[in-house]
Amino acid sequence: MITAPPVTLEDAPALDVGPDLGRRMVAAAIEALLADPFSSFREVADLLALDEALGEHALRWANSPEFRRRQPVEDLGMAVRVLGFRRLGRLCRELGEAA
């Protein structure tokens, strides 16, 4: 059997897709990852970092009074943990559709 080498984001050609299409693509990729029971917080955070607006919204929501944290959430990995996959999926759907 012949297997192809794994493809990473670095292997993809640089495309100027614009912020709206890019956001929708990142949001869709995050939603797909959230549906995978074997995905990790780090994988989701790495994808979230690809879109500045999605990352900013996640950080802002994780730092909102709704979660009453003593220490501020300063990185996307912690924001993913605080929000959880369900809330993060909702955020991606809402912002992805708004793009």
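Residues numbered from 1 in each chain as written. Predicted model: local features only at pLDDT ≥ 70, side-chain atom pairs only at ≥ 80, totals over all residues. Heavy atoms only, no water.

## Here we look at the nonpolar core
Considering soluble globular proteins, one finds that nonpolar side chains tend to be buried as a cluster. Counting residues in each nonpolar core, the largest one holds 24 residues, and the members touching the most others are Ile30, Val44, Leu48, Leu54, Leu83 and Leu88. Those elements that place two or more of their residues in this core are α1 (18-35), α2 (41-48), α3 (52-62) and α4 (76-98). Examining the composition of this core, we find that nine residues originate from one element, α4, more than from any other. If we skip the residues at most four places from it in the chain, Val44 touches Ile30, Leu33, Leu34, Val80, Phe85 and Leu88. (Core = buried A, V, L, I, M, F, W, Y, C linked by side-chain atoms within 4.5 Å. Buried < 20%, exposed > 50% of the residue type's maximum accessible area, 1.4 Å probe, protein only. Helix = DSSP H or I, 4+ residues; strand = E, 2+ residues; numbered from the N terminus. Contact = heavy atoms within 4.5 Å.)

## So, α3
Within α3, burial applies to Ala53, Leu54, Gly55, Ala58, Trp61 and Ala62. Two to three positions downstream of the cap, the backbone nitrogen of Ala53 sits 3.2 Å from a side-chain oxygen, assigning the N-cap of α3 to Asp51. (Polar contact = N/O pair within 3.5 Å; in protein donor to acceptor, adjacent residues only side chain to side chain.)

## Things to note about unusual backbone geometry
Look at Arg68: it is not a glycine, yet its phi comes out positive at around 45°. Along the chain, Arg68 falls in the loop between α3 and α4.

## Topic: the pattern of salt bridges
For the structure shown, the criterion picks out four salt bridges. Linking Asp51 and Arg23 is a salt bridge whose minimum nitrogen-to-oxygen distance equals 3.0 Å. Residue Asp51 is found in the loop between α2 and α3, and its partner Arg23 is found in helix α1; the two are separated by 28 residues along the sequence. Assigned by exposure class, Asp51 and Arg23 land together as buried. (Salt bridge = Lys/Arg side-chain N within 4 Å of Asp/Glu carboxyl O.)

## Section: the confidence of the model for the protein chain
Averaged over all residues, the pLDDT of the protein chain equals 81, while 78% of them reach at least 70. Confidence drops under pLDDT 50 across residues 11-18; counting only partners more than four residues distant or on other chains, this segment forms three contacts. (pLDDT = per-residue confidence, 0-100.)

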